[in-house]
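Read off the chains here:
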Number of protein chains: 2
Amino acid sequence: MPDAYEPTERTVPTRSKERAAYDHAMVHSILDEAYLCHLGFVRDGAPVVLPTLYARLGDRVYFHGSTGSRPLRMAGAADPGLAVCLTVTHVDGLVLARSAFHHSINYRSVMIHGTAYPVTDPEEKRTSLDVLVDAVVPGRSQDSRPANPRELAATAVLRLDLNEVSAKVRTGPPNDEPEDLELPYWTGVLPVVKSYGAPIPAPDLAPSVAIPEYLTGR
Amino acid sequence: MPDAYEPTERTVPTRSKERAAYDHAMVHSILDEAYLCHLGFVRDGAPVVLPTLYARLGDRVYFHGSTGSRPLRMAGAADPGLAVCLTVTHVDGLVLARSAFHHSINYRSVMIHGTAYPVTDPEEKRTSLDVLVDAVVPGRSQDSRPANPRELAATAVLRLDLNEVSAKVRTGPPNDEPEDLELPYWTGVLPVVKSYGAPIPAPDLAPSVAIPEYLTGR
């Protein structure tokens with residue numbers, strides 16, 4: 001199958017298999033629309049799930065943190081590499097069925113399994129930091145002061161290749177049981193909408209600095 | 001400390017300790033405002049992070065799924081109980097500093113460590129299913145058909161006690177370096193707003209069924 005990730009034992013869901021997708025276009029669009037992921041790793045045998053920022057560049061995602069943070073220290077430790085599961089979820093709507101049982105949400109999620117490695121190449125590190133800023137606010141990396149050597153040294157970036165990847169998507173109306181169709185309950189979807197409020201200038205911002213176009217357009 | 005969760009080695013962050021909070025009021029308000037969590041567990045030694053619905057009732061959270069789903073099967077297996085980390089995150093704003101390094105997001109998150117157990121008491125199971133529906137749409141459990149015995153049997157509910165719990169919160173403007181304050185870049189916070197669109201009736205909804213008040217008020 002061209003332009004799709006190869007399904008593996010752990011990327012084929014046990015339930016709702018029809019919701020799974022592996023094509024690059026779907027996976028990338030879900031990843032590119034978000035900037036916050038939930039990163040899972042194992043520490044002392046127990047699971048840990050950290051919310052963290054990420055960005056995709058090609059067939060790789062990057063995330064970062066202080067060199068003192070736990071997952072980044074663990075990834076850089078003796079045997080390099082940290083087994084992770086990186087999950088991104090968009091909630092698109094609340095699905096109200098006539099039966100409590102068939103309530104659901106419309107969502108698009110991506111799950112990436114793999115090993116995260118520290119980015120050691122200085123060029124890749126700089127690029128990934130730009131991409132991480134631009135994932136949150138497109139265009140912003142070119143309109144802020146780049147990291148200086150001290151800041152670069154204090155920041156660890158991890159990369160995770162997109163190999164073992166799946167998307168899972170639910171869309172559309174509720175699926176009620178045929179015998180419930182006459183029940184007198186309202187049924188349908190309540191769309192969930194994400195938007196931005198008016199930018200709040202920092203208290204110490206000089207009044208002469210205008211709000212940039214990449215913010216007013218959002 | 002009354003009305004607060006006791007910090008433990010794994011609920012005290014290695015970084016940004018000033019952002020950590022343990023009081024019940026803060027933790028509960030973050031949990032109660034959301035309905036989607038990211039649930040981490042360990043499978044064959046590797047981390048897995050699943051997006052799933054949850055609800056809080058008192059000092060316990062519930063989540064559920066098909067009895068055939070992986071984590072629910074694992075939790076019910078021979079040695080009952082599944083070690084989990086359940087994380088909930090609200091993104092409140094994008095924090096644009098003058099330096100790329102100090103970019104951040106304003107967020108509120110809760111992380112629960114513990115062991116999830118299947119809910120076996122029929123009364124607790126029914127109540128938890130109501131709470132799970134009402135976490136997504138308050139009031140809905142009383143305005144839909146309750147689960148029948150077949151559906152109850154097909155649904156597994158897990159409970160996780162709130163013992164080892166922490167919140168982490170960032171608010172306010174960017175924190176720029178003193179030497180950056182004169183740089184000509186706009187700086188401040190772009191609020192992230194979550195709202196609902198107009199309800200979309202299911203194609204098979206009878207026109208006589210009005211949109212309920214608990215939806216129009218959102």
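Everything numeric here is computed off the predicted structure, so don't read it as measured data.

Undergrad: How do you make sense of the overall build of chain A when you look at a structure like this?
TA: Helix and strand counts for chain A come out as five helices and ten strands. If one aligns the C-alpha atoms of chain A with their principal axes, the spans along those axes are about 65 × 50 × 35 Å. Among the 218 residues that make up chain A, the fraction classed as buried is 54%. For chain A, the share of sequence-separated contacts (at least 6 apart) that also reach a separation of at least 24 residues comes to 71%. Just so you have it, chain A exposes about 9700 Å², and 54% of that area is on carbon and sulfur atoms. Averaging the coordinates of the 21 positive side-chain charges in chain A and doing the same for the 27 negative ones gives two points 6 Å apart.

Undergrad: When you look at the pairing of strand E2 (residues 36-43) of chain B in this model, what are you seeing that I'm missing?
TA: Each regular strand shows side chains that alternate between the opposite faces of the sheet. All names here are of chain B. Of all the eight residues making up E2, seven are buried; the element is thus mostly covered by neighbouring parts of the structure. Of the pairings in the sheet, the one linking E2 to strand E5 (residues 82-96) comprises four bridges and is antiparallel in character. Each bridged residue has a counterpart across the sheet, and for Gly40 the counterpart in E5 is Cys85.

Undergrad: Would you explain the side chain of A:Arg43 in this entry?
TA: By secondary structure assignment, the location of A:Arg43 is in strand E2 (residues 36-43). A polar contact is formed between the side chain of A:Arg43 and the side chain of B:Glu9, at a distance of 2.7 Å. If near-sequence neighbours (up to four positions away) are discounted, A:Arg43 is found in contact with A:Val48, A:Arg70, A:Met74, B:Glu9 and B:Arg10.

Undergrad: Help me out: how do you make sense of the interface of chain B and chain A in this one?
TA: Interface size is commonly expressed as the accessible area that is lost once the parts come together. Across the contact, 90 residues belong to chain B and 90 residues belong to chain A. Roughly 7500 Å² is buried in total at the junction of chain B and chain A, and carbon and sulfur atoms are behind 66% of that figure. It is B:Pro47, B:Arg145 and B:Trp186 that lose the most area in chain B upon contact with chain A, and together they represent 10% of the buried surface on that side. Connecting chain B to chain A are six salt bridges. In this structure, the salt-bridge partner of A:Arg145 is B:Asp180, at a minimum N-O distance of 2.8 Å. Taken together, the links from chain B to chain A amount to 29 residue pairs in polar contact (both at pLDDT 80 or more). For the side of chain B that touches chain A, the leading source of residues is strand E9 (residues 188-196) of chain B, giving nine residues.

Undergrad: What should I look at first to understand the side chain of B:Ser144 in this one?
TA: All names here are of chain B. Mapped onto the elements, Ser144 comes out in the loop between helix H3 (122-136) and helix H4 (149-154). Judged by its relative accessible area of 3%, Ser144 falls in the buried class. Among the polar contacts listed, one links the side chain of Ser144 to the backbone oxygen of Arg140, at a separation of 3.0 Å.

Undergrad: Looking at this structure, how should I read the pattern of salt bridges?
TA: Think of it this way: side chains of opposite charge can pair up when their charged atoms draw near. Following the criterion strictly, the structure yields 24 salt bridges over all chains and no others. In this structure, A:Arg43 engages B:Glu9 in a salt bridge whose closest nitrogen and oxygen atoms are separated by 2.7 Å. Of this pair, A:Arg43 sits in strand E2 while B:Glu9 sits in the segment before strand E1 (20-21), on two different chains. Owing to a relative accessible area of 54%, B:Glu9 belongs among the exposed residues under this scheme.

Undergrad: Hey, could you run me through the nonpolar core in this one?
TA: Where a protein is soluble and globular, its nonpolar side chains tend to be buried together. The biggest cluster of nonpolar side chains holds 64 residues, and the ones touching the most others in it are A:Leu31, A:Leu86, A:Ile112, B:Leu31, B:Leu86 and B:Ile112. With residues up to four places along the chain from it excluded, the contact list for B:Ile112 reads B:Leu31, B:Val61, B:Val84, B:Cys85, B:Leu86, B:Leu160, B:Asp161, B:Leu162, B:Glu164 and B:Val165.

Undergrad: Just checking my understanding: could you explain the relation of the copies chain B and chain A for this structure?
TA: Two chain copies here: they are related by a rotation about an axis and a translation along the same axis. Mapping chain B onto chain A calls for a screw motion: a turn of 180° about the axis and a shift of 0.0 Å along it, with 0.0 Å RMSD after fitting. Considering both components of the superposition, the chain copies are consistent with a two-fold axis. Across chain B, the rotation axis passes nearest the C-alpha of B:Lys194, at a separation of 2.3 Å. Of all interface residues in chain B, 100% are interface residues in chain A too; the two copies therefore contact each other through one and the same surface.

Undergrad: Could you clarify how one ought to interpret unusual backbone geometry in this entry?
TA: What is expected of a backbone is that most residues other than glycine have negative phi and most peptide bonds are trans. We note that A:Asp44 has phi near 50°; this positive angle belongs to a residue other than glycine. Looking at where A:Asp44 falls in the secondary structure, it is placed in the loop between E2 and strand E3 (46-57).

Undergrad: Whenever I open this one, the environment of A:Pro199 confuses me. Can you help?
TA: Mapping A:Pro199 onto the fold places it in the loop between strand E9 (188-196) and strand E10 (200-201). In this structure A:Pro199 comes out as partly exposed when scored by relative accessible area, which is 22%. Taking C-alpha positions, A:Pro199 is 19 Å from A:Ala34, a pair spaced 165 residues apart along the chain. Those residues in contact with A:Pro199 that lie beyond four places of it in its chain are A:Ile211, B:Trp186, B:Val189, B:Leu190 and B:Pro191.

The rules behind these values
Residues numbered from 1 in each chain as written. Chains lettered and ligands numbered in written order. Predicted model: local features only at pLDDT ≥ 70, side-chain atom pairs only at ≥ 80, totals over all residues. Heavy atoms only, no water. Helix = DSSP H or I, 4+ residues; strand = E, 2+ residues; numbered from the N terminus. Buried < 20%, exposed > 50% of the residue type's maximum accessible area, 1.4 Å probe, protein only. Contact = heavy atoms within 4.5 Å. Areas by Shrake-Rupley, 256 points an atom, 1.4 Å probe, with all protein chains shown as cover. Lys, Arg positive; Asp, Glu negative; His and termini not counted. Charge placed at Lys NZ, Arg CZ, Asp CG, Glu CD. Pairing = 2+ DSSP bridges. Polar contact = N/O pair within 3.5 Å; in protein donor to acceptor, adjacent residues only side chain to side chain. Buried area = accessible area lost by both parts, 1.4 Å probe. Salt bridge = Lys/Arg side-chain N within 4 Å of Asp/Glu carboxyl O. Core = buried A, V, L, I, M, F, W, Y, C linked by side-chain atoms within 4.5 Å. Least-squares fit on C-alpha atoms with pLDDT ≥ 70 in both.

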